[in-house]
Amino acid sequence: MLSQPYYRIYRPFNKTMCINNAGQILYAEDDRYCDERIQLIRMYKMLQKQVIDTFQYVEPVKKNENVFSLRYHQLYGNICAEIETNFRGILKANGYTNGDENNWNIKNNFFKTNIALKLNEYKIESYYNEIFNSTYINQPFSDWNKQTYSSLKWYQEHNAVKHYRSAEFENANLKNVLTGLTGLYILLFAQFGHLVDTITDSNIIHSFDENNNHMVIGINNDMGFNFKQIPAWTNNEEYSFEWNNIKTTNNPYLKYNF
């Protein structure tokens, strides 16, 4: 078990060792953990709203999964750019310095975060996932289930349409936009846990249930995201600390060696 949290890596607490549930999320609210947390989550919420607004014109059902447009092209690019921003921030926070940061990419650099975050193990159910299969399940990072890199189809198609829009325009479709948005949500959850659902695009919603000693969560999840599977963590990978006991130390966080 880990007696300190990693920078920008959310982990469950070992239930047998940690008593104070209220302190289990407070480490992720400290600016030392990530001073741009609110901005990152607000950006996701803005993108989420913009995607939902398109449903006034394109019904999010299987028949429309390949609908493409300039609006979806714009959203697709913005979502994937935000995913890259989060990957880059995770690596930098943990002291990763391999190569020129300006040349970091998903294959050689961002993929490394999957070891610590287990992004491939997240499965999401939502209101709009009829597009993916009959069980309404979306698993954007499922191809990252090995130590060696495998490309993510939806991400590769983003690169294709970004550089060659005239030839690859059809990749800017509803299915890829929803896959990317789900991937961004998973990436944020893997850093901040349920705090991702306590911030809107303009306000912080912070509620604490004193009677049950836990944070009230899931109050701004307009996509209806529900986890059907979360990563399996070993005892050695779980957190076990009392935040109040370590928060005043000079360095309460660990750096993950990517």
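Computed from a predicted model, the values in this text were never measured in an experiment. (Residues numbered from 1 in each chain as written. Predicted model: local features only at pLDDT ≥ 70, side-chain atom pairs only at ≥ 80, totals over all residues. Heavy atoms only, no water.)

*Asks:* Where do I start with the nonpolar core in this structure?
*Replies:* Taken as a class, soluble globular proteins show a tendency for nonpolar side chains to be buried jointly. One finds Y27, L119 and L178 to be the most contacted residues of the largest nonpolar core, which totals 71 residues. The element contributing the most residues to this core is helix α6 (residues 174–192), with twelve residues. Contact partners of L119, with chain neighbours within four places excluded, come to F87, T113, N114, F141, W144, I186, L187 and A190. (Core = buried A, V, L, I, M, F, W, Y, C linked by side-chain atoms within 4.5 Å. Buried < 20%, exposed > 50% of the residue type's maximum accessible area, 1.4 Å probe, protein only. Helix = DSSP H or I, 4+ residues; strand = E, 2+ residues; numbered from the N terminus. Contact = heavy atoms within 4.5 Å.)

*Asks:* Would you explain the sheet that holds strand β2 (residues 137–138) in this entry?
*Replies:* Sheet strands associate in pairs through backbone hydrogen bonding, adopting either a parallel or an antiparallel arrangement. Overall, antiparallel pairing links the three strands, which are arranged β2-β1-β5 in an open sheet. Edge strands, defined here as strands with exactly one partner in the open sheet, are β2 and β5 (226–229). Sheet topology places strand β1 (residues 123–125) next to β5; three bridges connect them, and they run antiparallel. Note on β5: the bridge partner recorded for K123 is Q229. (Pairing = 2+ DSSP bridges.)

*Asks:* Before we go on, may I ask you to explain the side chain of Q191 in this structure?
*Replies:* Structurally, Q191 can be placed in helix α6. According to the relative accessible area criterion, Q191 is buried, its value standing at 0%. Q191 has contacts with R8, I9, Y10, Y33, N86 and I90, leaving out every residue within four places of it along the chain.

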